[in-house]
Structure formats: C-alpha cells, structure tokens
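Survey of secondary and tertiary structure
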Amino acid sequence: MEDSRQTRFAAIEKTLGYSFDGEIKIGGNYTSTVQHGDVIYVSGQVPRVGSTVVVTGRAGADVSLTQAQLGAKVCAMRALALLRQNLGSLDRIQQVMRVTVYTQSATDFTQQSEVADAASEVLHTVLGAAGIHTRTSVGVAQLPKNATVEVDLIAAVTPA
Amino acid sequence: MEDSRQTRFAAIEKTLGYSFDGEIKIGGNYTSTVQHGDVIYVSGQVPRVGSTVVVTGRAGADVSLTQAQLGAKVCAMRALALLRQNLGSLDRIQQVMRVTVYTQSATDFTQQSEVADAASEVLHTVLGAAGIHTRTSVGVAQLPKNATVEVDLIAAVTPA
Amino acid sequence: MEDSRQTRFAAIEKTLGYSFDGEIKIGGNYTSTVQHGDVIYVSGQVPRVGSTVVVTGRAGADVSLTQAQLGAKVCAMRALALLRQNLGSLDRIQQVMRVTVYTQSATDFTQQSEVADAASEVLHTVLGAAGIHTRTSVGVAQLPKNATVEVDLIAAVTPA
C-alpha cells in the first residue's frame with residue numbers, strides 16, 4: 001500500500017479499532033471548522049466516536065494515563081477527519097500551528113504533557129513535518145459530557 | 001425598526017436588561033482588542049456590566065445552568081460591544097473564527113457545551129452567518145473575580 | 001547602556017536571578033514556535049529554568065500571589081527567549097496579539113488577573129507598545145509538572 005497521509009490515518013484507525021469515516025455533524029450556532037485565508041480553525045474535539053464519548057472520567061482518578069492517551073489519540077483523529085472532510089484531503093494540511101490539549105485532571109495529576117504527547121504523536125505520524133506544532137497542555141476541572149480529554153487546533157492550509 | 005446587527009444587539013440588551021453602551025476600559029499592560037491585518041483578537045470577557053460581575057460562582061454548585069447561560073450571554077455581548085467600539089460598527093465583523101468558553105465548574109458539572117451554546121446563540125443572532133464560529137468549551141477551577149464564565153474570541157474583519 | 005529590548009530583557013533576568021540564555025529544547029512531535037506568514041505561535045511555557053520548574057503548587061493554597069506572579073514572569077521571559085532564539089532578535093516582534101495565562105488555582109483563589117498582570121508587565125517592559133496584547137486569564141485544576149502558571153502567546157513578526 002502506498003505510504004500517504006491517508007494510509008497512515010487508516011492504519012491508526014485500524015489500531016484504535018474505531019472508524020472516523022462518517023460525516024461528523026455539529027448542530028446549531030457553531031461549526032466544526034472555519035477557514036479564513038489560508039488558516040483553518042478546528043473546534044474542540046472530545047473523544048467521541050459516532051454518538052459515544054469513548055473515554056470519560058478524570059485522569060489520575062477514574063482514568064489511567066494510558067486511557068487518557070487513548071482519548072487524546074481519538075480527539076486528534078477526529079480533528080484530522082474534520083480537516084479531511086472540509087479540505088477534501090489530508091494532503092491540503094500545510095502545517096499544524098497550534099494544538100491545545102485539555103485534560104480533565106485529578107488535583108494531583110500532573111502528566112498533562114504525557115497525555116498531550118499521544119495527540120502530538122498522531123498528528124506527526126499522519127502528517128510528518130506538517131504535523132509538528134506548538135502546544136499548550138492544561139489540566140481542567142471538567143469537560144463536556146465528562147470527556148477525559150479535549151483537543152482543538154489551528155492549521156495552515158495549502159490552496160486547493 | 002430596520003433589521004440590522006445593531007438593532008438585534010439592542011434587542012438582546014433590552015431582553016437582558018443590561019446596557020453595553022459605555023466605553024469598556026482596560027488598564028495597564030494589556031488591552032481589550034488587538035487587530036493585525038484583517039484578524040482581531042478580543043481579550044477574555046467575564047460577565048461584567050459596568051463595575052459589577054453579574055454572574056459569579058460555580059456552575060453546578062452555587063449557580064444553575066440557566067444562570068451560567070446568562071453569564072455566557074453577557075460575556076458574548078461584551079465581546080461584541082468591544083468589537084463595535086474598536087471597529088466603529090458591528091457590520092465590520094466579517095467572520096467570528098474561534099470562541100473559547102471557560103465555565104467555572106463543579107467537578108461533576110458536565111454541561112459546559114450547554115453554557116457555551118448561550119454565547120454562540122448571541123453571536124449567531126446578532127451577526128447571522130458571520131457569527132457561526134469554531135468553539136472550545138472547558139470547565140475550569142476558577143475565573144477572575146469568581147466569574148462563572150469567561151469568553152474570548154478571534155474574528156476576521158472587513159476593511160473600513 | 002543603550003536602552004533596547006535586549007537590555008531591558010537582561011535587566012529583568014538580573015532582577016529575577018535567572019538566565020534564559022541557554023537554548024530551550026523541546027523533544028519529539030511538537031516544537032516551541034511555529035511561524036506562518038508573519039504570525040508566530042509560542043507553545044505554553046511553564047516557569048522552567050534549565051531543567052527545574054521554579055514555581056510549583058497551587059495558587060491560593062501552597063503558593064502565594066507573589067510567588068505565582070514570579071512564576072508568570074518566568075513564563076513570559078521564556079516565551080521572549082524562545083522568540084529571540086527563533087527570530088534572531090527581540091526587535092523582530094512586531095506585536096504580541098494574544099496571551100493566555102493559566103494559573104493552577106485553589107477553588108477559592110480568584111486573583112488570576114493579578115497573576116497574569118506579572119506576565120503582561122514583563123512583555124510591556126521589554127517590548128513597549130509592541131508588548132501590549134489581548135489576554136485571557138483562567139484558573140485550572142493542574143498544570144504539567146505541577147507548575148503554578150503556564151503562559152502561551154501569539155505574535156506578529158517583522159520580516160527579517
């Protein structure tokens with residue numbers, strides 16, 4: 001199989017055991033991506049697959065580092081799936097510029113960077129150098145739907 | 001009355017019972033908006049009206065969802081008021097690109113998206129399609145002055 | 001001594017008693033800065049000097065406001081050191097546009113703005129008007145390595 005961003009994305013899908021092929025819908029007054037010029041913003045993604053948030057609870061209490069990292073990977077894959085859906089191809093991602101990783105954290109859990117590493121690894125594996133980004137990792141009190149992790153990003157886009 | 005962004009802004013002011021007409025001042029070493037090229041950043045807004053933060057306390061404990069949503073609306077109105085003050089008119093907002101909504105949350109409060117919906121609704125009601133944005137909603141441990149909600153945003157601007 | 005951004009940076013270094021001269025290394029799948037066009041993103045900085053995080057613990061509990069402010073200053077100095085390292089000179093910072101300051105906060109600690117003021121002061125002192133930015137200050141549950149403060153920023157850059 002040709003080595004491409006799409007094949008590497010599919011390989012991670014297979015490893016995780018989740019599909020990100022379906023259209024990701026967002027209702028109402030906000031949306032999943034907004035592009036302005038050659039910059040695209042992606043909304044904060046929780047580790048949802050279909051209608052289920054697959055990793056919930058508090059890192060360092062209910063949830064192990066490994067589970068939280070799985071959550072971060074799913075968030076990153078969702079962000080990539082949204083970029084692919086909106087840009088037509090992963091190949092149009094020129095550079096991921098900023099990633100923020102929020103981890104629902106027990107007050108004594110200090111491995112937010114290690115959780116975020118899992119999201120960074122997905123981006124780098126799929127996109128190569130274009131996936132190397134600046135990053136902010138913080139531990140928060142709660143996240144929507146009790147998600148363990150939420151990831152948003154900003155990327156530069158190659159013209160179609 | 002003509003249907004315009006300004007009239008819709010005024011209608012929400014009337015519903016909330018708060019005026020956002022006064023100049024919003026910020027002291028010192030930072031400022032309320034910075035524009036670079038056609039992109040404008042707005043500082044994090046707490047639900048302050050005049051010198052009072054009108055919604056304080058922790059969502060899911062001291063503060064109901066409805067009160068937190070009121071706070072989110074006031075934050076969004078303040079952000080719009082700052083854009084109007086700096087751009088001269090709400091009509092110069094080309095597109096809201098990113099909104100981040102921080103909710104001071106009890107550890108078991110997971111309706112951060114529902115709080116954020118209230119901010120998104122204000123932006124969409126006033127700005128129409130230009131108000132549809134990407135969004136990140138998180139639950140935090142505390143906010144300045146015990147505010148229940150804080151909202152910041154990034155928008156694209158139409159030349160004057 | 002000539003009054004320049006570099007001399008003002010060095011004066012703060014001397015006051016703090018820390019040196020930010022060494023190269024700041026970041027491993028792996030993310031990086032400390034990404035520039036696209038004339039915009040540069042800086043990764044979230046904790047108050048690390050060399051291999052030590054010099055201010056750790058929870059503001060309002062283990063850590064006083066003054067100590068948290070020291071942490072915020074170190075974060076801001078690190079961000080400036082990274083910009084200098086990547087741009088070749090502090091003089092190429094055209095405008096700091098956005099600063100986000102995360103403070104690890106006790107649930108009743110509400111002086112996040114006062115902590116952030118210390119970071120804003122460093123940026124303004126070193127950069128003058130170019131250091132006046134929009135800002136978001138929030139109180140979070142935890143930060144990487146138990147850091148008390150984390151600061152990230154986005155700036156506009158003057159061509160070399």
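Residues numbered from 1 in each chain as written. Chains lettered and ligands numbered in written order. Predicted model: local features only at pLDDT ≥ 70, side-chain atom pairs only at ≥ 80, totals over all residues. Heavy atoms only, no water.

**So, the overall build of chain A**
- Counting its regular elements, chain A contains 3 helices and 7 strands.
- Counting from the amino terminus, helix and strand elements in chain A follow one another as α-β-β-β-β-α-β-α-β-β.
- Overall, chain A is about 45 × 40 × 30 Å in size when its C-alpha atoms are taken along their principal axes.
- Of all 160 residues assigned to chain A, the portion counted as buried reaches 61%.
- For chain A, the share of sequence-separated contacts (at least 6 apart) that also reach a separation of at least 24 residues comes to 82%.
- Roughly 5,800 Å² of accessible area belongs to chain A as shown, and the carbon and sulfur atoms make up 46% of that amount. (Helix = DSSP H or I, 4+ residues; strand = E, 2+ residues; numbered from the N terminus. Buried < 20%, exposed > 50% of the residue type's maximum accessible area, 1.4 Å probe, protein only. Contact = heavy atoms within 4.5 Å. Areas by Shrake-Rupley, 256 points an atom, 1.4 Å probe, with all protein chains shown as cover.)

**A word on the interface of chain C and chain B**
- Chain C puts 35 residues into the contact, and the matching count from chain B is 24 residues.
- Between chain C and chain B the total buried area reaches about 2,100 Å² when both faces are included, carbon and sulfur atoms providing 56% of it.
- For the pair chain C and chain B, the interface holds 1 salt bridge.
- Residue Arg98(C) is joined to Asp152(B) by a salt bridge in which the shortest nitrogen-to-oxygen separation is 4.0 Å.
- Counting across the interface, chain C meets chain B through 15 residue pairs in polar contact (both at pLDDT 80 or more).
- Among the elements of the structure, β5 (93-104), α3 (112-127), β6 (134-140) and β7 (149-157) of chain C are those that each provide at least two residues to the side of chain C that touches chain B.
- The residue makeup of the side of chain C that touches chain B, split by class, is 12 nonpolar, 16 polar and 7 charged. (Buried area = accessible area lost by both parts, 1.4 Å probe. Salt bridge = Lys/Arg side-chain N within 4 Å of Asp/Glu carboxyl O. Polar contact = N/O pair within 3.5 Å; in protein donor to acceptor, adjacent residues only side chain to side chain. Nonpolar A, V, L, I, M, F, W, Y, C, P; charged D, E, K, R; others polar.)

**Here we look at helix α1 (residues 5-16) of chain A**
All names here are of chain A.
- For α1, with 12 residues, the first-to-last C-alpha span of 17 Å sits near the 16 Å given by 1.5 Å per residue.
- Each element contacted by the buried residues of α1 is listed here: α2 (65-87), β5 (93-104) and α3 (112-127).
- Downstream of α1 by a residue or two, Gly17 has a phi angle that is positive, lying close to 80 degrees. (Expected span 1.5 Å × (residues − 1).)

**Regarding the relation of the copies chain C and chain B**
- Expressed as a screw transformation, the operator carrying chain C onto chain B has a rotation angle of 120 degrees and an axial translation of 0.0 Å, and the superposed copies differ by an RMSD of 0.0 Å. These values place the two chain copies in the arrangement generated by a three-fold rotation axis.
- Little of the interface of chain C is mirrored in chain B, where only 11% of its interface residues again form contacts. (Least-squares fit on C-alpha atoms with pLDDT ≥ 70 in both.)

**As for the pattern of salt bridges**
- The full count for this structure, using the stated rule, is 12 salt bridges over all chains.
- Between Arg8(A) and Asp3(A) there is a salt bridge whose closest N-O contact spans 3.0 Å.

**So, the packing of aromatic side chains**
- Applying the stated criterion across every chain, the model contains 3 aromatic pairs over all chains.
- Plain terms: the ring middles of Phe9(A) and Phe20(A) are 6.4 Å apart, the flat faces sit at 70 degrees to each other, and that makes the pair edge-to-face. Of this pair, Phe9(A) sits in helix α1 while Phe20(A) sits in the loop between α1 and β1 (33-36), and the two are 11 residues apart along the sequence.
- On the basis of relative accessible area, Phe9(A) is assigned to the buried category, the value being 0%.
- Among the residues examined, Phe20(A) registers a relative accessible area of 5% and is labelled buried.
- Above the ring of Tyr30(C), the side-chain terminus of Arg135(A) is found at 3.8 Å from the ring centroid. (Phe/Tyr/Trp six-rings, centres within 6.5 Å; stacked < 30°, edge-to-face > 60°. Lys NZ or Arg CZ within 6 Å of the ring centre and 35° of its normal.)

**A look at the sheet that holds strand β2 (residues 39-45) of chain C**
Residue and element names in this part refer to chain C.
- Spatial strand order, β1-β2-β7-β5-β6: 5 strands in an open sheet with mixed pairing. Edge strands, defined here as strands with exactly one partner in the open sheet, are β1 (33-36) and β6. Between one strand and the next, the sheet's axes are offset by a mean angle of 15 degrees, whatever the strand orientation.
- Of the pairings in the sheet, the one linking β2 to β7 comprises 5 bridges and is antiparallel in character. Within β7, the position partnered with Gln45 by the bridge is Val151.
- Its contacts with the sheet put α3 on β5, β6 and β7, and the angle it makes with β6 is roughly 145 degrees. (Pairing = 2+ DSSP bridges. Axes fitted to C-alpha atoms, helices over the stretch in contact; angles between N-to-C directions.)

**Here we look at the interface of chain A and chain B**
- Contacts between the two partners involve 24 residues from chain A, matched on the other side by 35 residues from chain B.
- For the pair chain A and chain B, the two sides together bury roughly 2,100 Å², of which 56% comes from carbon and sulfur.
- For chain A, the biggest contributors to the area lost against chain B are Asn29(A), His36(A) and Tyr41(A); these three give 31% of the whole.
- Applying the counting criterion to the chain A and chain B interface returns 1 salt bridge.
- Where chain A meets chain B, there are 15 residue pairs in polar contact (both at pLDDT 80 or more).

**Looking at the confidence of the model for chain A**
- Chain-level statistics for chain A give a pLDDT mean of 94 and a share of 98% at 70 or above.
- Taken over the whole predicted complex, pTM reads 0.96, whereas the ipTM for its chain interfaces reads 0.95. (pLDDT = per-residue confidence, 0-100.)

**Considering unusual backbone geometry**
- For Asn146(B), which is not glycine, the phi dihedral falls at a positive 65 degrees.
- Residue class for Asn146(B) comes out partly exposed when judged on its relative accessible area of 26%.

**Brief notes about the sheet that holds strand β7 (residues 149-157) of chain B**
All names here are of chain B.
- Pairing is mixed across the open sheet formed by 5 strands, whose spatial order is β1-β2-β7-β5-β6. Both edges of this open sheet fall to β1 (33-36) and β6 (134-140), since each of them pairs with a single strand only. Between one strand axis and the next, the sheet turns through 15 degrees on average, direction left out of account.
- Helix α2 (residues 65-87) rests against β1, β2 (39-45), β5 (93-104) and β7 of the sheet, and its axis sits at about 35 degrees to β7.

**Side note on the pairing of β1(A)**
Residue and element names in this part refer to chain A.
- Bridge analysis of β1 against strand β2 (residues 39-45) gives 4 bridges, and the strand direction is antiparallel. Within β2, the residue paired with Val34 across the bridge is Tyr41.
- In sequence, β1 turns back onto β2 through a hairpin of 2 residues, with Gly37 there showing a positive phi of about 60 degrees.

**Describing the packing of helix α1 (residues 5-16) of chain C against α3(C)**
Residues and elements named next belong to chain C.
- At a minimum axis separation of 8 Å, α1 and α3 run at an interaxial angle of 140 degrees. As the angle between them shows, α1 and α3 are arranged oblique. Where α1 abuts α3, its residues Arg5, Arg8, Phe9 and Ile12 lie against Val122, Thr125, Val126 and Leu127.
- Classifying every residue of the contact of α1 with α3 gives 5 nonpolar, 1 polar and 2 charged. (Parallel < 35°, antiparallel > 145°, perpendicular 65-115°, else oblique.)

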